[in-house]
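Per-entry structural report
Each chain, written out:
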Amino acid sequence: MSTSRHPGASRILALNAGSSSIKFAVFDATEPPLRRWSGELQGIGQSRPMFRAHAQDGADPAAQVVHAPDHAAASGVVLEWIARHAAGSPLAAIGHRVVHGGPDFSAPQLVTVDLVTALHRFSAFDPEHLPAELGLIEASRQRFPGVPQVACFDTAFHHDLPEVASRLPLPRRYAEQGVRRYGFHGLSYAFLMRALAAVDDGSVASGRVILAHLGSGASLAAVRDGRPMDTTMSFTPTSGVPMSTRSGDLDPSLYRYLAQTESMSPARFNALVNDESGLLGVSGT
């Protein structure tokens, strides 16, 4: 491993747990932060999960098939690698991308027992991601006891959407239960708005802006005067425009049709629209 340009500098670990992956990066806690290592474990729960990592200068790359039948095992692999390679400098903090902040959280939060309890209550909002993210938070606490952890929510950017955008056309009792348009990819949008603020003395960012986050997951957001006005994703990240394997918006009665014609269960329908649809579904490849 290459030597640090800032010997003895404390470090910050950023973690991102997905439904079948864990991505990470380690930064020197300098101004600006200097990324030292990054990597990912892909294919959790599949036949050949692959772990890859490398130093920012390309030195000492790692690539190997690992045993990761679930997120608990995958967390152990990732955190053990980080502990070995970051041993020369203390971790100052750990930051987690948390997909869903529910109706309550609109800013990064220090991880506490109360926060974890609250997020467990929201698990039904996002069963694809939140349980894995909470498991990674707990695994990080055990592997690096005493290191403060911060949760950064992907829904926070859209927290203050106008009610005309956030309210779904359902009976009011569901809104009272927290069923609303949340929007996602908020950390990406917040970064884009900061980048736009540096263009033309901020005049671009202060106008009307359409932002597009285009990857395996995809969404768009409308911003005016620096404030989010609307976004394509809704109650879950499955909604909106078609994506790599997610369907995007569908006729709500499609589930009833498939339940009647194929005896499709809710779990099977969830797998269909999240893992087998979108560009994968229409292309067949």
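This text follows the structure it describes.
Residues numbered from 1 in each chain as written. Predicted model: local features only at pLDDT ≥ 70, side-chain atom pairs only at ≥ 80, totals over all residues. Heavy atoms only, no water.

1. Let's talk about the overall build of the protein
On a plain count of helices and strands, the protein comes out with nine helices and eleven strands. Its C-alpha atoms give the protein a radius of gyration of 20 Å, near enough to 19 Å, the size a compact globule of 285 residues would have. Along the three orthogonal principal directions, the C-alpha set of the protein runs to about 60 × 50 × 40 Å. Burial status across the protein gives 42% buried among its 285 residues. A separation threshold of at least 6 residues defines the contact pool for the protein, and within that pool the share at least 24 residues apart is 57%. Accessible surface, the protein: about 14900 Å² in total, of which carbon and sulfur atoms supply 55%. Side chains of the protein give 24 positive and 26 negative charges; the mean places of these two sets differ by 0 Å. (Helix = DSSP H or I, 4+ residues; strand = E, 2+ residues; numbered from the N terminus. Rg over C-alpha atoms; globule rule 2.2 N^0.38 Å. Buried < 20%, exposed > 50% of the residue type's maximum accessible area, 1.4 Å probe, protein only. Contact = heavy atoms within 4.5 Å. Areas by Shrake-Rupley, 256 points an atom, 1.4 Å probe, with all protein chains shown as cover. Lys, Arg positive; Asp, Glu negative; His and termini not counted. Charge placed at Lys NZ, Arg CZ, Asp CG, Glu CD.)

2. Topic: the sheet that holds strand β9 (residues 208-214)
What the three strands build is an open sheet, ordered β9-β10-β11; its pairing is antiparallel. Every interior strand has two partners, whereas the edge strands, β9 and β11 (227-231), have only one. Each adjacent strand pair in this sheet contributes to an overall mean axis angle of 30°, direction not counted. Against the sheet, helix α6 (residues 186-197) makes contact with β9 and β10 (218-224), and its axis sits at roughly 130° relative to β9, the strand it touches most. (Pairing = 2+ DSSP bridges. Axes fitted to C-alpha atoms, helices over the stretch in contact; angles between N-to-C directions.)

3. So, the layout of surface pockets
In this structure, the second largest pocket encloses a volume near 350 Å³. In terms of lining, the second largest pocket is formed by 13 residues, of which the most central are Leu-187, Ser-188, Ala-190, Phe-191 and Arg-194. Mapped onto the lining of the second largest pocket, the elements with two or more residues apiece are β8 (149-153) and α6. Tallied by class, residues from the lining of the second largest pocket come to nine nonpolar, three polar and one charged. (1 Å grid on protein atoms, 1.4 Å probe; cavity = no way out; pocket = protein on both sides within 12 Å on 5 of 7 lines; lining within 4 Å. Points joined across faces, edges and corners; volume = space filled by probe spheres on them. Nonpolar A, V, L, I, M, F, W, Y, C, P; charged D, E, K, R; others polar.)

4. Quick word on a nonpolar patch on the surface
On the surface, Leu-250, Leu-254 and Tyr-257 cluster together into a nonpolar patch covering about 270 Å² of accessible area. Tracing the chain through its elements places Leu-254 in helix α7 (residues 254-262). (Patch = residues over 30% accessible without salt bridge, like charges linked within 9 Å, V, L, I, M, F, W, Y side chains within 5 Å. Salt bridge = Lys/Arg side-chain N within 4 Å of Asp/Glu carboxyl O.)

5. Regarding the packing of aromatic side chains
Enumeration according to the criterion identifies eleven aromatic pairs in this entry. Each member of the aromatic cluster is reached from another via a ring pair, and the members are Phe-105, Phe-122, Phe-125, Phe-153, Tyr-182 and Phe-235. Positioned over the ring face of Phe-144 is Arg-143, at 5.8 Å from the centre of the ring. We note Arg-180 situated over the ring of Tyr-182; from NZ or CZ to the ring centre the distance is 5.0 Å. (Phe/Tyr/Trp six-rings, centres within 6.5 Å; stacked < 30°, edge-to-face > 60°. Lys NZ or Arg CZ within 6 Å of the ring centre and 35° of its normal.)

6. Quick look at the packing of helix α1 (residues 71-85) against helix α3 (residues 130-143)
Orientation of α1 relative to α3, taken along the N-to-C sense of each, is 40°, at an axis distance of 10 Å. Of the possible angle classes, the one that applies to α1 and α3 is oblique. When the axes of α1 and α3 are compared, the crossing they make is right-handed. Taking contact as the criterion, the partners of His-71, Ser-75, Leu-79, Glu-80 and Ala-83 in α1 are, on α3, Ala-132, Leu-136, Ala-139, Ser-140 and Arg-143. (Parallel < 35°, antiparallel > 145°, perpendicular 65-115°, else oblique. Left-handed = near helix turned anticlockwise from the far one by under 90°.)

7. Considerations on unusual backbone geometry
Glycine aside, residues mostly have negative phi angles, and peptide bonds mostly take the trans form. In the segment running from Glu-31 into Pro-32, the intervening peptide bond is cis, with an omega of 0°. One non-glycine residue, Asp-225, lies in the positive phi region at around 55°. Counting through the fold element by element, Asp-225 comes out in the loop between β10 and β11. Judged by relative accessible area, which is 55%, Asp-225 ranks as exposed. The backbone of Ser-263 shows a phi angle near 50°, a positive value even though the residue is not glycine.

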